2 protein chains.
Amino acid sequence: MARVRLQDVADHAGVSMKTVSNVVRDQPYVSEAMRARVQRSIDALGYRPNLVGRQLATGRTGSIALGIPRLAQPYFARLASLVSDRARELGYRVLIVETNSQLDAERALAQRLDAGFADGVLFQPSRMTTEELAGRDDLPMVLLGESTPPASMDRVCIDNVAAAHDVTEHLIAAGRRRIAFVGHEVEELSDTSMLRIAGYERALAAHGIAVDPELLIATGGGAEGAVREVGAALAAGLEIDAIACRDDLAALGALRAAQRHGLRVPDDIMITGWDDIFMTEVSYPSLTTISPNLDELVGTALGFLTERIDGLDQPGRHVVVPYELVARESAPAGGGGGTGAGAGTSAATGTA
Amino acid sequence: MARVRLQDVADHAGVSMKTVSNVVRDQPYVSEAMRARVQRSIDALGYRPNLVGRQLATGRTGSIALGIPRLAQPYFARLASLVSDRARELGYRVLIVETNSQLDAERALAQRLDAGFADGVLFQPSRMTTEELAGRDDLPMVLLGESTPPASMDRVCIDNVAAAHDVTEHLIAAGRRRIAFVGHEVEELSDTSMLRIAGYERALAAHGIAVDPELLIATGGGAEGAVREVGAALAAGLEIDAIACRDDLAALGALRAAQRHGLRVPDDIMITGWDDIFMTEVSYPSLTTISPNLDELVGTALGFLTERIDGLDQPGRHVVVPYELVARESAPAGGGGGTGAGAGTSAATGTA
DNA sequence: GTGAAAGCGCTAACAG
DNA sequence: CTGTTAGCGCTTTCAC
């Protein structure tokens, strides 16, 4: 079936393109009779507006790009899902670009971006430096996560140091002293890991607990890495009574390794995660974790981005979004406690 | 900075647009000297080709749409990630559209699709009927999953009935007789659930085990629903020695509920999942599950789709992709067995 | 090898 | 309220 164009509809209805265009886009100032007549032609011909034509004429693509490391990671899947929902409400489609945390992929997204690719970019970098990020100013871009943004760019994140501090405090308050940190990268530390480790160390220091480098267990990401590395450490006789994990995946792996090793959680060893992915409520025992306020994160970021798309020109805004420490069975609030029932309840809450 | 267009580069280099265009697209038949000269102008001006202009001229958008229920579901996140990877290799970007399994969203994707939205669609419907799907023939579309496709449309799936049969057989072979099925929808059954229940019932019937409707436990999806419903059933005194779950999320929930109830898995009760999401290896005990060959699924579907985009016109091809029954701790192969160590090993394998 | 001109399908002034 | 006329930025015949 030959493509039917705006002009075809106009001919069929005996009006001008402009009028058809008005009808298609629900513009005011079209008489009811006219509207009906045109609509009849549209239906008769099976006309569908061509987005590309519109995009070229308006200079807008109607979509925003979301750049994240990996969609298969539950945290980013949830983030993407939220972005997709909220963006639709705002009238945008979402193009998802996975960077796999690779520098060249990040650069491709941020710098070599062809025009007409998207109207704006929501980007969570993990390798690019501030300077590199700064080297572009064509497409509106809002940064997610804790990388330091160029002065002109908006950024939304949570306070990683504070949250890591809170979670470590939580373990210390429960009487734990040999607290490992698990889940950071084996090679080059990501910004995220660095900040979380900093918060962990700060909390230890505040309580006069020496930071033992042996207790920093890198896994290279994923639950499997944590199963392996924590398992090896325990097998090697490492004595610990708590594990603060970089993220929930690491925590689930650590949990598994501890159980394999015959340890009771939380009695023998407490474990905490980060992100509050769906599994934290369903694991056994359920997982104490840091729950960032993703609704607010996404809402703020998308708000900033659409403002920029609409032409806002002002220095970069940096917003810190709240988080919550959700205490569940793997590290209950207020000391020891059995692995008994009871859903998680919130304790500390981060601030903006 | 004013947008720099192809014409600007041409002016700057003192050549025609055609030549610049040739250079930009790496076309042959451009002298080296010419190419170098034009490239210098491109760099000097910081020219980026405008995709929309190209799209309008070529009639191709360079992107494909992926329509799935929810990105936040691990299975679909992994699917989307694979599609995104493979599509990039094929030169396409991916536009992800979440339908939330809602009819109107599915219709919007399949029928009201504006032209220029994408070059083709990979779609996993869960509500639309075959007839509705058939009512469109503009955009190339390949169906994922087990819905019956219109005659003209390609479709790729696994054999749900056979796989459900296998998994149930697996439990029967382990000596289980009171086998529940958990995780289907509370209201309207999805095609997927129907097929899996059919395979489950067929296996029971083949072994002379009566199908007890009380053993069909709907949850409405998600792990939480399974925790709740299985928990309630056990609390009400339901006697079962195995649970075949509709998907891994339900299985993780069922596992949690069983453990809360004080049951040992797999000794007192065996549990199986479906999809082989990352958590199946990390849960405690690890989860026996059906692992569809996603690489092959995605590869085949994308292959079909790109062929259609390139103009292939022939009746719909229907491909069934293999799966594997991965026996892990929650329902080990060969009878009872403790909850000991050992990663999962594969047993039965589905066919194409 | 390279240039000129004609669209791709739509929107947006500006008249009327 | 409706019609006319230019483009948006690029690719593509078809000459040169």
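Numbering of residues starts from 1 in each chain and follows the order in which that chain's sequence is written. Naming scheme: in the order in which they are written, chains are lettered from A and ligands are numbered from 1. Given that the model is predicted, a residue must reach a pLDDT of at least 70 before its local features are reported, and side-chain atom pairs must reach 80 or more before they are shown or counted; all residues, however, enter totals for whole chains, interfaces and linings. Hydrogens and water are ignored here; the side-chain numbers use all heavy atoms of the structure.

An unreviewed UniProt entry lists chain A under the name LacI family transcriptional regulator, with Salana multivorans as the source organism.

Chemist: Help me understand the overall build of chain A in this model?
Modeler: Within chain A, the secondary structure is distributed over 13 helices and 13 strands. To get the radius of gyration, use the C-alpha atoms; to get the globule rule, take the number of residues to the power 0.38 and multiply by 2.2 Å. Here chain A has a C-alpha radius of gyration of 26 Å; the compact-globule value for 352 residues is 20 Å, and the former is much larger. In terms of principal-axis extent, the alpha carbons of chain A reach across some 85 × 45 × 35 Å. Throughout, exposure labels follow a simple rule: accessible area from a 1.4 Å probe, protein chains only, divided by the maximum for the residue type, with under 20% read as buried, over 50% as exposed, and the rest as partly exposed. Taking all 352 residues of chain A together, the buried fraction comes to 55%. Contact between two residues is taken to exist if any of their heavy atoms lie within 4.5 Å; hydrogens are not considered. Pairs at least 24 apart in sequence give 67% of the contacts found in chain A among residues at least 6 apart. In DSSP terms, a helix is any run of H or I states spanning at least four residues, a strand is any run of E spanning at least two, and both are numbered starting from the N terminus.

Chemist: Would you take a moment to explain the protein's contact with DNA strand D for this structure?
Modeler: For DNA strand D, the set of nearby residues contains 24 residues, the closest of which are T19 of chain A together with R5, L6, Y47 and R54 of chain B. We call a residue near a molecule or strand as soon as one heavy atom of that residue lies within 4 Å of the molecule or strand. By atom count, sugar and phosphate contribute 68% of the portion of DNA strand D lying within 4 Å of the protein. A 3.5 Å cut-off defines polar contacts: any pair of N or O atoms within that distance qualifies, except that in protein one atom must be a possible hydrogen donor and the other a possible acceptor, and neighbouring residues in sequence count only when both atoms are side-chain atoms. Backbone polar atom of S16 of chain A to a phosphate oxygen of DNA strand D: 2.9 Å apart, as the coordinates give it. Between DNA strand D and the protein, one listed contact pairs a phosphate oxygen with a side-chain N or O atom of R25 of chain B at 3.1 Å. Counting residues per element, the surface near DNA strand D draws most heavily on helix α4 (residues 51–58) of chain B, at 5 residues.

Chemist: I'm lost on the nonpolar core in this one. Help?
Modeler: Proteins that are soluble and globular tend to have nonpolar side chains buried together. Think of a nonpolar core as a cluster: buried Ala, Val, Leu, Ile, Met, Phe, Trp, Tyr and Cys residues, connected wherever their side-chain atoms sit within 4.5 Å. Core analysis: the largest hydrophobic core is formed by 152 residues, its most contacted members being I243 and I271 of chain A together with I243 and I271 of chain B. If we ignore the near neighbours within four places in the chain, the residues touching I271 of chain A are I243, C245, A251, A254, L255, A258, V265, L287, T288, S330 and A331 of chain A. Membership of the second largest hydrophobic core comes to 34 residues, among which are L133 and L139 of chain A together with M141 and M153 of chain B.

Chemist: Could you clarify how one ought to interpret the UniProt feature "domain: HTH lacI-type" (unreviewed entry) in chain A in this entry?
Modeler: UniProt positions are given in the numbering used here, feature names are shortened, and annotations may be inferred rather than shown by experiment. Residues given the UniProt feature "domain: HTH lacI-type" (unreviewed entry) here are residues 4–58 of chain A. Counted over residues 4–58 of chain A, helix gives 69% and strand 0%. Its end C-alpha atoms are 20 Å apart.

Chemist: Would you take a moment to explain the domain arrangement of chain A for this structure?
Modeler: How big an interface is tends to be stated in terms of the accessible area lost upon association of its parts. Domain start and stop positions are those given by an automatic or database domain assignment. Structurally, chain A comprises domain 1 (6–49), domain 2 (63–158 + 295–322) and domain 3 (160–287 + 328–351). The C-alpha-based centres of domain 1 of chain A and domain 3 of chain A are spaced at 62 Å.

Chemist: Help me out: how do you make sense of the protein's contact with DNA strand C in this one?
Modeler: Contacts to DNA strand C come from 25 residues, most closely from R5, L6, Y47 and R54 of chain A together with T19 of chain B. Near-protein atoms of DNA strand C (within 4 Å) split between backbone and bases, with sugar and phosphate holding 70%. Here a phosphate oxygen of DNA strand C and a backbone polar atom of S31 of chain B are 3.4 Å apart. Between DNA strand C and A57 of chain B, the relevant distance is 3.3 Å, taken from a base oxygen to a main-chain nitrogen or oxygen of the residue. Those elements that place two or more of their residues in the surface near DNA strand C are α2 (17–24) and α4 (51–58) of chain A together with α2 (17–24) and α4 of chain B. Ranked by residue count, the leading element in the surface near DNA strand C is α4 of chain A, at 5 residues. In terms of residue class, the surface near DNA strand C is made up of 12 nonpolar, 7 polar and 6 charged. Think of it as three bins: nonpolar holds Ala, Val, Leu, Ile, Met, Phe, Trp, Tyr, Cys and Pro, charged holds Asp, Glu, Lys and Arg, and polar takes everything else, Gly as well.

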